[in-house]
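Geometric and topological summary
Here is how the chains run, residue by residue.
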Amino acid sequence: MYALEVKNLTKTFDGLTAVDNASFNVPEGSIFGLIGRNGAGKTTTIRMMMGIYVPDNGEVILRGTKVGQEFKNRVGYLPEERGLYKKMKVMETLLYFAELKGKKGKEIEKKAEEYLEKFDLADRKQSKIEDLSKGNQQKVQFIATILHDPEFIILDEPFSGLDPINTNLLVNIISEKKQQGKVIILSTHLMDFAERLCDHIAMIDHGKIILNGQLDEIKQRFGKRNINLIYEGDISFIHQLPFIEKITDFGNSTGIKVTEDSKIQELLKLLIENNVTIKKFDANDITLHEIFIELAGQEENNGGLHHV
Amino acid sequence: MFNYRTLAVMKRELREKLFSKTFIFMTLLIPLLMFLMLGFQTFVMTYEGDENTTLVIVSESEQITEKMKEEFKDRPFVKNGYYKIDFKTMNENEFGLFLNSVRQDLLDEKLTGVVYIPESALQNKNVEYFSKNPNNNVVFKKIEGIINSALVDLYFANKLISTKDIEYLSKSIDFNSFRISRELGVEKEGYGNLVVSFVLTFLLYFSLIFLGTMMMRSVVAEKTNRIVEVLLSSVNPLELMVGKILGTGITGLAQMAIWLSPLILVISTNWFTLPEDFIFSIKLPYILYFLFNFFVGLITFLGLFAMVGAIFDNDQDAQSAIWPVMMLIMIPFFVAISLPSNPTSPIAKIVSLVPFGSLMVMPARMSITEVPAIEIIFASIINLITMFGVFWLAAKIYRVGILKTGKKPKWNEVIQWLKYSG
């Protein structure tokens, strides 16, 4: 059962096709990752899903019917470019955004207090937004996104500009929401996060969906002949080995692709013989990063694709 | 188009504007400023600056001198000491010497002027006036009538003619103005209507520009703050625009009602007595029409300001593109304030019946002259049509514009936006 079906979405701006015939499905109860480098068409796709942009072609189906205001009421959206009214107070802001979703009254106010408590902002509820630090403003915006208890939570690059503590806080909330059965759609260019959080993904590049489906299956499909290695020592000799197809250095780990399945054991043997200390040798494992590079090419240096 | 979301946007706008310091400040400051302006104008108009006038009235005969003394001595401006007048009797030669002796005083303005009334003035009323500023109207106006009536008195003295006749002869005509209206009766007219017309036109002008600019800034701010995208995940652009415009519109209406409250009180109660010169003949229905017209105009212009705001993503660009809208406010404003000098001019009539112009000129016309009901109805219909037309246009531009940031759009791009569907 799919919560959302995106069918053939296309959007052109001034002759430039930002999203080109994009189709994917978002299953119920999943954390869905829309991944791709900056400018790939993620935000445009999300805006069309939200009804902010009218697609030139295609449609979005919410449990069998075309999305409309109904969907807007049930969604919490955190855009990539955050924005709040600077002169408004924290509590006022939260209540206003909830009211736009049709939720008001004591109940919501209580819930807002709870969230502020949780995010360590309880003492700032009468402060003006402009008096808060940037991190705290982001927290307020995030609370505003989820305060009305939406069934769908759409987060566009939610981790950009967050410090590690707030990133953790956000990751926890996302997991919590998933357990409550909410559908979470997050767009990111950070493959690491997508890999840790998502159970379904759609990969978008130059406006086209180049891959989509369940993350486990995808990794299995692409993971054959792949090894994820963590080691100490010198492995430069393997560059000369004839059965090595590709080596990708991730800093703390290394991805190695061999030409045939059967060569994996041979590689392990050679590593040990060459006095490399092996901390982790994970056969048939591939990172999302590697998959992305395999599919979208080696443009990560100018595309802003990097790992954390 | 109007639902709880629009209402929420509207309420937020109201809260933000109605309780802002700027709003409260402006609401109080503007009437104060206007009273100061009016007070200053009245002061300039009534102040003649002729205190400390010193005159010497020289007559050729004792008879004339005595008569002049008698005529001048009870005049208020002599009694209160503003004018100091010396009376002398001299013949022509003596007067020549005298004039030479006071030449320096005249040049130094220690002496304002010297009047010479020869005996022949009793035949031809030719009187001479010597001064550094011989064309000073204020002084002339004060003494001219008095000298005239003194000469007339002397001329007819001992002739068989009654004092009543002499009084009539020496009196000049006095214009009293009355306004003729369709209603029965005539009313004596003071400056009242002109003042009210000026005040209302000014308030209208100021309010449209003040609230319009506020609206434009707020639209631009929502774009630059990127709030608009969050808002659009809940509301559609039309709901957002309508909510904002109504919120600001109601703020404006409240402000105008506050500004007009003294006027309403003067009309509907007898708590105040105005000086006769300031009595005006404006009635309550006119005030109601004015408020209705103001609200229609405000909504129209807020639509235009919101539209321009939506096209740009910074205040400077928006400011420099707003001038055509400003012209639509300023040209009618100038027509309206020049109305008192010629209320029935055909230009005023035409401007009061065309879109945008009508919003300001029609109320001004109505406060000064009688306007046929059919023209008022026509103007109202024109204004309503304009309002809906502007709304339609603004909604189309706004919808596309608020999501455009970055490059400053070209005008032909903006025209393209009108064709976007959905």
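Thresholds, definitions, all that
- Residues numbered from 1 in each chain as written.
- Chains lettered and ligands numbered in written order.
- Predicted model: local features only at pLDDT ≥ 70, side-chain atom pairs only at ≥ 80, totals over all residues.
- Heavy atoms only, no water.
- Phe/Tyr/Trp six-rings, centres within 6.5 Å; stacked < 30°, edge-to-face > 60°.
- Buried < 20%, exposed > 50% of the residue type's maximum accessible area, 1.4 Å probe, protein only.
- Helix = DSSP H or I, 4+ residues; strand = E, 2+ residues; numbered from the N terminus.
- Lys NZ or Arg CZ within 6 Å of the ring centre and 35° of its normal.
- Contact = heavy atoms within 4.5 Å.
- Buried area = accessible area lost by both parts, 1.4 Å probe.
- Salt bridge = Lys/Arg side-chain N within 4 Å of Asp/Glu carboxyl O.
- Polar contact = N/O pair within 3.5 Å; in protein donor to acceptor, adjacent residues only side chain to side chain.
- Nonpolar A, V, L, I, M, F, W, Y, C, P; charged D, E, K, R; others polar.
- 1 Å grid on protein atoms, 1.4 Å probe; cavity = no way out; pocket = protein on both sides within 12 Å on 5 of 7 lines; lining within 4 Å.
- Points joined across faces, edges and corners; volume = space filled by probe spheres on them.
- Pairing = 2+ DSSP bridges.

1. Digging into the packing of aromatic side chains
- Here the structure, examined in full by the defined rule, presents 22 aromatic pairs over all chains.
- Here the aromatic rings of A:Tyr96 and A:Phe97 are separated by 5.7 Å at their centres, their planes lie at 50 degrees, and the arrangement is tilted.
- Classification of A:Tyr96 as buried rests on a relative accessible area of 1%.
- Note on A:Phe97: relative accessible area 4%, which makes it buried.
- Ring centres of B:Phe95 and B:Phe130 lie 5.5 Å apart, and the angle between their planes is 50 degrees; this geometry places the pair in the tilted category. A residue pair is termed long-range when its members are at least 10 positions apart, and B:Phe95 in helix 5 (residues 92-107) and B:Phe130 in strand 4 (residues 128-131) qualify at 35 residues.
- In this structure B:Phe95 comes out as buried when scored by relative accessible area, which is 4%.
- Grouping aromatic residues by their ring pairs yields a cluster made of B:Phe198, B:Phe202, B:Phe206, B:Phe210 and B:Trp259.
- Note that B:Arg5 overlies the ring of B:Tyr4, its terminal NZ or CZ placed 5.1 Å from the centroid.
- Above the plane of the ring of A:Tyr96 lies B:Arg12, whose end atom (NZ or CZ) is 5.6 Å from the centre.

2. Here we look at the interface of chain A and chain B
- Counting from both sides, the interface comprises 28 residues of chain A and, opposite them, 23 residues of chain B.
- Between chain A and chain B, a total of about 2,400 Å² is buried, with carbon and sulfur atoms accounting for 54% of that surface.
- On the chain A side of the interface with chain B, the three residues burying the most area are A:Tyr85, A:Tyr96 and A:Leu100, jointly 25% of the side's total.
- Where chain A packs against chain B, one counts four salt bridges.
- For B:Glu229, the salt bridge goes to A:Arg47, with nearest N and O atoms at 2.7 Å.
- At the junction of chain A with chain B, the criterion picks out ten residue pairs in polar contact (both at pLDDT 80 or more).
- At five residues, the largest contribution of residues to the side of chain A that touches chain B is made by helix 3 (residues 90-100) of chain A.
- Taken together, the residues that form the side of chain A that touches chain B break down as 13 nonpolar, six polar and nine charged.

3. Remarks on the layout of surface pockets
- Each pocket or cavity is described by its volume, and for the second largest pocket that value is around 1,100 Å³.
- In terms of lining, the second largest pocket is formed by 30 residues, of which the most central are A:Lys87, B:Glu16, B:Lys17, B:Ser20 and B:Thr22.
- If you list the elements that add at least two residues to the lining of the second largest pocket, you get helix 1 (4-18), helix 2 (21-46) and helix 9 (192-224) of chain B.
- Ranked by the residues each element gives to the lining of the second largest pocket, the list is headed by helix 9 of chain B, at nine residues.
- Broken down by class, the residue content of the lining of the second largest pocket amounts to eight nonpolar, seven polar and 15 charged.

4. Digging into the pairing of strand 8 (residues 183-188) of chain A
Residues and elements named next belong to chain A.
- Strand 8 sits mainly inside the fold: six of its six residues count as buried.
- A two-sided burial pattern is seen for strand 8, the buried positions comprising Val183, Ile185 and Ser187 on one face and Ile184, Leu186 and Thr188 on the other.
- Of the pairings in the sheet, the one linking strand 7 (residues 152-156) to strand 8 comprises five bridges and is parallel in character. Looking across to strand 8, one finds that Asp156 is bridged to Ser187.

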